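# Structural characterization, general
So you can see what is in the structure, the chains are spelled out below.
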Amino acid sequence: MSWSREVARRLGAGSGTVERWSVAPGEITARAGGHEVSLIRAVPTEEAWGRVCAALASQEVFRARVLAGELPVPVGEVCALLGVDLVPRGWDALVATCSCDRWDGVCAHLRAVAGVLGTEADRDPFTLTRWAGRDRLALRSQVMAEGAIKGPSTSEETVGDNVSEAKIEDGDDRFEHAPNSAAGFWSAPMPPGPPEIPSGAGDRVRTAAPGAVADELPPFGPLRT
Ligand SMILES: [Zn+2]
């Protein structure tokens, strides 16, 4: 799987002469077939990038690649999962304009620019992150910073939780990690609460099956934290 294939799948891949190729956060501009082309995309929020960088920092397999200046397609899938599409999902996700003023569809010039985007993304995938608001250096340093703030280990948090345990209402504060942190993202969401079981159900089971496995069961009731 290559980036150009991803781009072609979502935006197509035309060909043609493209000059003055320029990528800035939020906008790609170029001259294609003598026409001025602009591809504007939404730049993900700081919060969304924070989630992405925290997630990448928390997984050694991704962190190492990003810090080494690589951006394989699976990293893009992690980004998409967290709300940052490095390759826009389609022309509908873009404001695409061309000076040829062909409004009834995507003109050949736009398609040619999409073709170049694929080629450029294969050559330097950080073309895509730059367009989405984070160039290579910014992304790298943010991933590095997130990794330094909070590694995969959660032992410090456990200590902190024990100290403040008395203050936590039963079952109330279920997310022990900050929502923006790597650990917060990678920890599985809490399952839904236990079903309502009438009080004394455990005792009734024990009475119905004395001496059976039921004796080994803990009493039914609300989850204890
Ligand atoms: Zn055009």
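Residues numbered from 1 in each chain as written. Predicted model: local features only at pLDDT ≥ 70, side-chain atom pairs only at ≥ 80, totals over all residues.

### Topic: the overall build of the chain
From N to C terminus, the chain includes 10 helices and 4 strands. For the chain, the succession of helices and strands along the chain, N to C, is α-β-β-β-α-α-α-β-α-α-α-α-α-α. Expressed as a percentage of its 225 residues, the buried residues of the chain come to 30%. Within the chain, counting contacts between residues at least 6 apart in sequence, those at least 24 apart form 67% of the total. (Helix = DSSP H or I, 4+ residues; strand = E, 2+ residues; numbered from the N terminus. Buried ≥ 20, exposed ≤ 12 C-beta atoms within 10 Å, placed from the backbone. Contact = placed C-beta atoms within 7 Å.)

### Quick notes on unusual backbone geometry
One non-glycine residue, arginine 20, lies in positive phi territory at about 50°. Mapping arginine 20 onto the fold places it in strand β1 (residues 18–24). On the basis of neighbour counts, which here come to 10 C-beta atoms within 10 Å, the residue arginine 20 falls in the exposed class.

### Some points on the pairing of strand β4 (residues 94–98)
Here β4 shows a buried face lined by Leu94, Ala96 and Cys98 and an unburied face lined by Val95 and Thr97. Pairing of strand β3 (residues 35–41) with β4, which is carried by 5 bridges, proceeds in the antiparallel orientation. Paired with arginine 41 across the strands is leucine 94, a residue of β4. (Pairing = 2+ DSSP bridges.)

### Brief notes about helix α7 (residues 136–149)
Since one α-helical turn is 3.6 residues long, residues separated by three or four positions face the same way. Compared with an ideal rise of 1.5 Å per residue, which puts 14 residues at 20 Å, α7 spans 20 Å between its outermost C-alpha atoms and is within 8% of the ideal. Along α7, the residues that are buried comprise Leu139, Gln142, Val143, Glu146 and Gly147. The buried side chains of α7 occupy one side of the element, clustering within an arc of 135° when seen end-on. Opposite its buried face, α7 presents the exposed residues Leu137, Ala148 and Ile149, each directed more than 90 degrees away. (Expected span 1.5 Å × (residues − 1). Arc of directions from axis to C-beta.)

### Structural notes on the UniProt feature "domain: SWIM-type" (unreviewed entry) in the chain
The sites that carry the UniProt feature "domain: SWIM-type" (unreviewed entry) are, in the present numbering, residues 82–118. Annotation note: span residues 82–118, helix share 30%, strand share 14%, distance between end C-alpha atoms 22 Å. (UniProt positions renumbered as here; feature names shortened; annotations may be inferred.)

### Describing the sheet that holds β4
In space, the 4 strands of this open sheet follow the order β1-β2-β3-β4, with antiparallel pairing throughout. The sheet terminates laterally at β1 and β4, the two strands that pair on one side only. Sheet twist, expressed as the mean angle between neighbouring strand axes with direction ignored, is 10°. The strands touched by helix α5 (residues 108–123) within the sheet are β1, β2 (27–32), β3 and β4, with β2 carrying the most contacts at an inclination of about 115°. (Axes fitted to C-alpha atoms, helices over the stretch in contact; angles between N-to-C directions.)

### Considering the packing of helix α3 (residues 60–67) against α7
The N-to-C vectors of α3 and α7 enclose an angle of 140°; their axes lie 9 Å apart at closest approach. It follows from the interaxial angle that α3 and α7 lie oblique. Of the two possible hands of crossing, α3 and α7 adopt the one that is left-handed. Together, Arg63, Val66 and Leu67 of α3 and Leu139, Arg140, Val143, Met144 and Gly147 of α7 make up the contact between the two elements. By residue class, the composition of the contact of α3 with α7 is 5 nonpolar, 1 polar and 2 charged. (Parallel < 35°, antiparallel > 145°, perpendicular 65-115°, else oblique. Left-handed = near helix turned anticlockwise from the far one by under 90°. Nonpolar A, V, L, I, M, F, W, Y, C, P; charged D, E, K, R; others polar.)

### Remarks on the packing of helix α2 (residues 46–58) against α7
Axis angle and axis distance: for two packed helices, these are the angle between their axes and the distance between the axes, and together they describe the pair. The interhelical angle for the contact between α2 and α7, taken along N-to-C directions, is 65°, at an axis separation of 8 Å. Read as a crossing pair, α2 and α7 show a hand that is right-handed. Listed contacts from α7 to Trp49, Cys53, Ala54, Leu56 and Ala57 of α2 are Gln142, Val143, Glu146 and Gly147.

### With respect to the nonpolar core
Nonpolar side chains in soluble globular proteins generally cluster together in the buried interior. In terms of nonpolar packing, the biggest core is built from 41 residues, with Leu56, Val113 and Leu128 touching the most fellow members. Leave out the neighbours within four places in its chain, and valine 113 touches Val18, Ile28, Ala30, Ala32, Val37 and Leu39. (Core = buried A, V, L, I, M, F, W, Y, C linked by C-beta atoms within 7 Å.)

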